[in-house]
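# Structural description and commentary
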Amino acid sequence: MTARFDHHLPADPPARADVAQSPGTPQKGREGSRPYARTPEQEARLLAEREERRARWKSIREAGGIAAWVRAELAKKGVSTEGIDPSTLTDRQKGSFKDKKRAEAEARRAMKRLAWDAYRETHIAHLGAVHWDDDASPDKLDIDGREERAKDNQLTEIDSLEKLVAALGITLSRLRWLTYHREVDTGTHYRTWHIPKRDGSMRTITAPKRHLKEAQRWALRHVWDKLPVHGAAHGFLTERSIVTNAQVHAGADVIVKIDIEDFFPTITFRRVKGLLRKAGLSEQVATVLALLSTEPPRDPIVHRGKTVHVASGPRALPQGAPTSPAITNALCRRMDRRLSGLARALGMKYTRYADDLTFSWKKSDGESRAPIGMLFRCVNTILRNEGFRIHHKKTSVMRRGVRQSVTGLVVNHAPGAPAARVPREVVRKLRAAIKNRELGRPGKGEETLAQLKGLAAFVYMADPDRGRTFLDRIAALEAVSGGG
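What comes next concerns the included structure. Computed from a prediction, not measured in an experiment: that's the story for all the values here.

## Let's talk about the pattern of salt bridges
- The tally for this structure, following the rule as stated, stands at 32 salt bridges.
- Taking the shortest distance from any N to any O, the salt bridge between Glu121 and Arg53 comes out at 3.0 Å. You can see Glu121 sitting in helix H3 (residues 91-122) and its partner Arg53 sitting in helix H1 (residues 40-63), a full 68 residues away along the chain.
- Close ionic contact of Arg54 with Glu121 constitutes a salt bridge, the shortest N to O distance being 3.6 Å. Of the two residues, Arg54 is situated in helix H1 and Glu121 in helix H3; the sequence distance between them amounts to 67 residues.
- Given a relative accessible area of 10%, Glu121 falls into the buried group.
- Residues joined by salt bridges that share partners form a network here, namely Asp139, Asp142, Arg146, Glu147, Lys273, Arg277 and Glu283.

## Considerations on unusual backbone geometry
- A positive phi angle, near 50°, is found at Asp262, a position not held by glycine.
- Along the polypeptide, Asp262 turns up in the loop between strand S5 (254-259) and helix H9 (263-266).
- Take Asp262: its relative accessible area is 39%, and that puts it in the partly exposed class.
- In this model, Ala354 sits at a positive phi of 60°, which is unusual for a non-glycine residue.

## Observations regarding the nonpolar core
- Of all hydrophobic cores here, the largest spans 69 residues; its most connected members are Trp224, Leu289, Met335 and Phe359.
- With seven residues, the single largest contributor to this core is helix H11 (residues 283-293).
- Excluding its chain neighbours within four sequence positions, the residues that come into contact with Trp224 are Ala219, Val272, Leu275, Leu276, Leu289, Ser293, Thr323, Ala326 and Ile327.
- One finds Ala246, Val427, Phe470 and Leu471 within the second-largest nonpolar core, a separate group that totals 27 residues.

## A word on the sheet that holds strand S10 (residues 396-399)
- Taken together, the four strands give an open sheet; going across it, the order is S8-S9-S5-S10, and neighbouring strands pair in antiparallel fashion. The open sheet terminates on both sides in strands that have one partner only, identified here as strand S8 (348-353) and S10. Averaged over all pairs of adjacent strands, the angle between strand axes in this sheet comes to 15°, irrespective of strand direction.
- Pairing of S5 with S10 involves four bridges; the strand directions are antiparallel. The partner of Ile255 across the bridge, within S10, is Met398.
- Of the strands in this sheet, S8 and strand S9 (356-361) touch helix H13 (residues 333-345), which is tilted by about 155° from S8.

## Let's talk about the packing of helix H10 (residues 269-278) against H11
- Between H10 and H11, the least distance of the axes is 9 Å, while the angle of their chain directions is 140°. Considering the angle they form, H10 stands oblique to H11. In the packing of H10 onto H11, the handedness of the crossing is right-handed. Contacts between H10 and H11 involve Phe269, Val272, Lys273, Leu276 and Arg277 from the first element and Glu283, Ala286, Thr287, Leu289, Ala290 and Leu291 from the second.
- Considering only residue class, the contact of H10 with H11 consists of seven nonpolar, one polar and three charged.

## Observations regarding the pairing of S5
- Taking burial as the measure, the six residues of S5 include five buried ones, the bulk of the element.
- Note: S5 against S9, six bridges, orientation antiparallel. Note on S9: the bridge partner recorded for Asp259 is Asp356.

Rules behind the numbers
Residues numbered from 1 in each chain as written. Predicted model: local features only at pLDDT ≥ 70, side-chain atom pairs only at ≥ 80, totals over all residues. Heavy atoms only, no water. Salt bridge = Lys/Arg side-chain N within 4 Å of Asp/Glu carboxyl O. Helix = DSSP H or I, 4+ residues; strand = E, 2+ residues; numbered from the N terminus. Buried < 20%, exposed > 50% of the residue type's maximum accessible area, 1.4 Å probe, protein only. Core = buried A, V, L, I, M, F, W, Y, C linked by side-chain atoms within 4.5 Å. Contact = heavy atoms within 4.5 Å. Pairing = 2+ DSSP bridges. Axes fitted to C-alpha atoms, helices over the stretch in contact; angles between N-to-C directions. Parallel < 35°, antiparallel > 145°, perpendicular 65-115°, else oblique. Left-handed = near helix turned anticlockwise from the far one by under 90°. Nonpolar A, V, L, I, M, F, W, Y, C, P; charged D, E, K, R; others polar.

Shown next as structure tokens:
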């Protein structure tokens, strides 16, 4: 599906296309190129063709390679001219020899095409602009004790490309289709749309389409979730949440919040692949899994009436893929360890939720002032060493006298209140909305009971008793209204 430009023809200058879409809007492209389901007869025919190509490649290997196999096939067909000395032929025999030579050349081309089809059925062959080598032998970048490291991370079930393909439950050609990298492409495996941020700017969400999402979910369960993470990480982990992240800093005298700028785009294909190599995976498996988990930012360009997607940066983690959060947790393990050590040295506590870093400090007998200046200098150095940078506009210092909010929850000390709790105005808004519904009044704007239920679940995370009361009242309203 590579877009091909006919440079020798006059053309209008390419124009940027506005094709950002909502999650439910279908988008033409790679998955759109398979618009119908195959019949059982078509599936059986394709399966038979794949088996035939695999059997052919087995014969090629047994023959000693493509060249030897082609020679043997030409001999079987009786069109081989090998061993014939033209200088010993008569003029009439030379005419027949030329005809046989032409037949041999045509048959040789056909045999090479068949051999190449068999090779592609059993090998990746190439992945576009990304380096690929079908040789699976160990290389100089393999870490010492690679097999033992893979065993420690429970990754031995995918220690080869063949095992990975079998575990994914897809064909090698489908895997190549999902991972092939093109700088200019007529389609994409992702849907893209924008949502507003709190500061008024737009956040780009890049979500995978069905086939790629299935492969990414498998990789999440069987690869990324098995990699070790640091105890300071609280985002997207079992039994961790915004509540556990905020509770660490409850009752602090000073809280410092630091945001990492362009967090997901900073984690590129090379960093993801390097993480997998260090985890004990081979070059081939690491390359394919890194390609499955990354995508370059693309600009839709209209060229001669057709929309093509042009890569405008390196492959990086897409914000919207199920694998991205788990990859960031594993990749930031060393950074979390360094920042945790820094926090201990400064008498502080540290947690990270995705790209939000939080430090807190309490007064002690020996210290009366928080070492904020030293903290910023050291954090800036560590982040730069780890390939990140501080988002200075989102950095904040909150002291005891003002509201201290961590991952959306208030953590100021309050007698009788949960250590981390939903802001008071949110609870009041929810209580008023439920009361209006109970009195038979309509909701404000497009407010639905489902939205109120989600807000009540948010309260339940931090305060189960109060949240349960709200959820029970909403359940009663749903029973009366039928869920509206």
